[in-house]
Amino acid sequence: MSIANDPAKPDDLCATIPIDWAGERLDAAIAKLFPQYSRSRLSSWLKKGFIAVNGEQKPGKSRVMGAERVVLELPEDVLRSTFEESLAEGELSIEAEDVPLELIHQDTSVLVLNKQADLVMHPAPGNRHGTVMNGLLHLDAGLAGVPRAGVVHRLDKDTTGLCVVARSLEAHTHLVRQLQARSVSRIYYAVVAGEPPQEDTVDEPIGRHPKNRQRMAVVGNGKRAVTHFSVLERYPGCALVRVQLETGRTHQIRVHMTHLGFPLIGDGVYQHGRALQRLPEPVRDITDRFKRQALHAKELGFNHPETDDPVRFEAALPQDMHQLVSQLQALVDGPDDSDRVSYVG
């Protein structure tokens, strides 16, 4: 008996219920469609609204007709945790692959990467290849013995910039403890719509969006999240801001800035129309061409696992974001501004 899969989705995220399963309970049918996941996990995803049946959420006790299209609509953090649990339980492994990675520092304890855009940090269901983790295992086979191939903190797929990788269990433990103690310094540059205050701190909890389960949002029952930011440059209707994370929740900068009414330029998930409509037309002409969130992890500081001495790294803005802020700055620069201080580097 074959199961027809949707070619637009990876095979392990989408399938069609066979006609001769008509009358079965939905939760039982889904368990057979996706045997790589436990029945309890699939039942939990059904209740949380992560499984769509013909585009709708249905209870597990409902009966199937056959031929329904079932899609696992798993948010990024759920994909990540699911894959990591499967790795820990020995159900899956990560393949070493020759993925181009830009190293800006390496020693016996750590690697520091400057991640490019359109590069996923870790494999997940439906996306098992071509990730940073695959590339790390090709670079250093010893990372197979370190949790998550040494990745200590993550960047979103289209966020560029610095992240640290531990090359041993001891280094991994040392760095994780620093993250838990909030002593790792992570500074980002972002271009946001609107006119934010010169500096501010956002202390608002972040959790799953109550209606759109693919997104995060500021919600009362979320986990505490703290973001500090200050304006570096102002352009017509938007600004370049320096952002420092105190906590590290999923999509934290993107969610907090949108919550304040200053969504990131190019963020197709969290930007909202009102902020973009207020942009002057010359600015919109520039920002519309920027096709990812304008966010770059520019500075990273931590205590080195071997010496406990503080170390700090910087990564210049990538070419696309450098061009974005340069074009925005050109809108406000006069002919005599050649000696002005720039934050673009």
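Sequence order as written defines residue numbering, which begins from 1 separately in each chain. Only residues with pLDDT of at least 70 are given local features in this predicted model, and only at 80 or more are side-chain atom pairs given and counted; all residues enter the totals for whole chains, interfaces and linings. Working from all heavy atoms in the structure, the side-chain values ignore hydrogens and water.

Caption draft 1: Seen up close, the packing of aromatic side chains. Two rings from Phe, Tyr or Trp (for Trp, the six-membered ring) form a pair when their centres sit within 6.5 Å of each other. Planes less than 30 degrees apart are called stacked, planes more than 60 degrees apart edge-to-face, and all others tilted. If you walk through the whole model with that rule in mind, you get two aromatic pairs. Summarising the aromatic geometry, the rings of Y37 and W45 are spaced 5.2 Å apart at their centres and angled 65 degrees between planes, so their arrangement reads as edge-to-face. The pair Y37 / W45 is uniform in exposure class, with both members buried. We call a charge positioned above a ring when the Lys NZ or Arg CZ atom is no farther than 6 Å from the ring centre and deviates by at most 35 degrees from the ring normal. The lysine or arginine in question, K298, covers the ring of Y189, its NZ or CZ lying 5.2 Å from the ring centre. Only protein chains enter the calculation, and the probe is 1.4 Å; a residue is then buried if its accessible area is under 20% of its type maximum, exposed if over 50%, and partly exposed in between.

Caption draft 2: Structural detail: the pairing of strand β7 (residues 185-193). Counting buried residues along β7, nine of its nine residues qualify, which places the element largely inside the surrounding structure. A pair of strands counts as paired when DSSP detects no fewer than two bridges linking them. Per the convention used, a helix needs a DSSP run of H or I reaching at least four residues, while a strand needs a run of E reaching at least two, with both numbered from the N terminus. Bridge count between β7 and strand β12 (residues 238-245): seven bridges; the pairing is antiparallel. By the bridge assignment, Y188 is partnered in β12 with V243.

Caption draft 3: Region of the structure containing helix α4 (residues 132-139). Taken across its eight residues, α4 has six buried, putting it largely inside the fold. V132, M133, N134, G135, L136 and L137 are the residues of α4 that are buried. Between two residues, a contact is recorded if the distance between any of their heavy atoms is within 4.5 Å. Among the structural elements, β5 (110-115) and β6 (160-166) are those in contact with the buried residues of α4.

Caption draft 4: A look at the packing of helix α1 (residues 26-33) against helix α2 (residues 39-48). Working convention: axes come from line fits to C-alpha atoms, limited for helices to the stretch in contact. Angles between N-to-C directions cover 0 to 180 degrees. One way to put it is that α1 packs onto α2 with a least axis distance of 10 Å and a crossing angle of 125 degrees. Judged by the angle between their axes, α1 and α2 are oblique. At the point where α1 passes α2, the crossing takes the right-handed sense. On the side of α1, the interface is formed by L26, D27, A28, I30 and A31, while α2 contributes R39, L42 and L46. Should an angle fall under 35 degrees it is called roughly parallel, over 145 degrees roughly antiparallel, and 65 to 115 degrees roughly perpendicular, with every other angle called oblique. Crossings are assigned a handedness: left-handed for a near helix turned anticlockwise from the far helix by less than a right angle, right-handed for a clockwise turn.

Caption draft 5: Here's a closer look at the sheet that holds strand β1 (residues 14-16). One open sheet accounts for three strands, arranged β1-β3-β2; its pairing is antiparallel. Whereas interior strands pair on both sides, the edge strands pair on one side only; in this sheet they are β1 and β2 (51-53). Each neighbouring strand pair of the sheet contributes to a mean axis angle of 15 degrees, computed without reference to strand direction. Pairing geometry for β2 and strand β3 (residues 69-72), over three bridges, is antiparallel. Directly across from I51, in β3, lies its bridge partner L72.

Caption draft 6: The environment of H256, seen in detail. Within the secondary structure layout, H256 lies in helix α6 (residues 252-260). Along the chain, H256 and V202 lie 54 residues apart, while their C-alpha atoms are 6.8 Å from each other. Beyond its immediate stretch of four places on either side in the chain, H256 contacts V202, E204, I206, V218, A225, V226 and T227. One polar contact links the side chain of H256 to the main-chain carbonyl oxygen of E204, over a distance of 2.9 Å. Polar contacts here mean pairs of N or O atoms no more than 3.5 Å apart (in protein, one a potential hydrogen donor and the other a potential acceptor; neighbouring residues in sequence count only if both atoms are side-chain atoms).

Caption draft 7: Layout of the side chain of D140. By the element assignment, D140 lies in the loop between α4 and β6. D140 gets classed as buried once you look at its relative accessible area, which sits at 16%.

Caption draft 8: Representation of the nonpolar core. F34, L42, W45 and L72 are the most contacted members of the largest nonpolar core, which has 24 residues in total. Elements with a contribution of two residues or more to this core: α1, α2, β2, β3 and α3 (76-88). Per element, the largest residue contribution to this core is five residues, and it comes from α1. Each residue touching W45, except ones within four places of it in the same chain, is listed here: Y37, F50, I51, L72, L74, V78 and T82. Within this scheme, the nonpolar core is defined by two criteria: the residues are buried Ala, Val, Leu, Ile, Met, Phe, Trp, Tyr or Cys, and they are joined through side-chain atoms within 4.5 Å. In this structure, L240, L279, V283 and I286 belong to the second largest nonpolar core, which totals 19 residues.

Caption draft 9: The pairing of β3, seen in detail. Here β1 pairs with β3 via three bridges, running antiparallel. In the strand pairing of β3, C14 is matched with V71.

Caption draft 10: Spatial organisation of the pattern of salt bridges. Whenever Lys or Arg places a side-chain nitrogen within 4 Å of a carboxyl oxygen from Asp or Glu, that contact is recorded as a salt bridge. Taken as a whole, this structure holds twelve salt bridges when the rule is applied. With a shortest N-O distance of 3.1 Å, D140 and R167 are connected by a salt bridge. Taken as a pair, D140 in the loop between α4 and β6 and R167 in the loop between β6 and α5 (169-180) lie far apart in primary sequence, 27 residues in all. The class for R167 is partly exposed, based on a relative accessible area of 25%. Where R292 meets D320, a salt bridge forms, and the shortest distance between an N and an O atom there is 2.8 Å. Here R292, found in the loop between α8 (281-287) and β13 (295-303), pairs with D320, found in helix α9 (residues 319-332); they are 28 residues apart in sequence, far enough to count as distant. A relative accessible area of 31% means that D320 is categorised as partly exposed. One continuous salt-bridge network, built from bridges that share partners, spans R25, D27 and R39.

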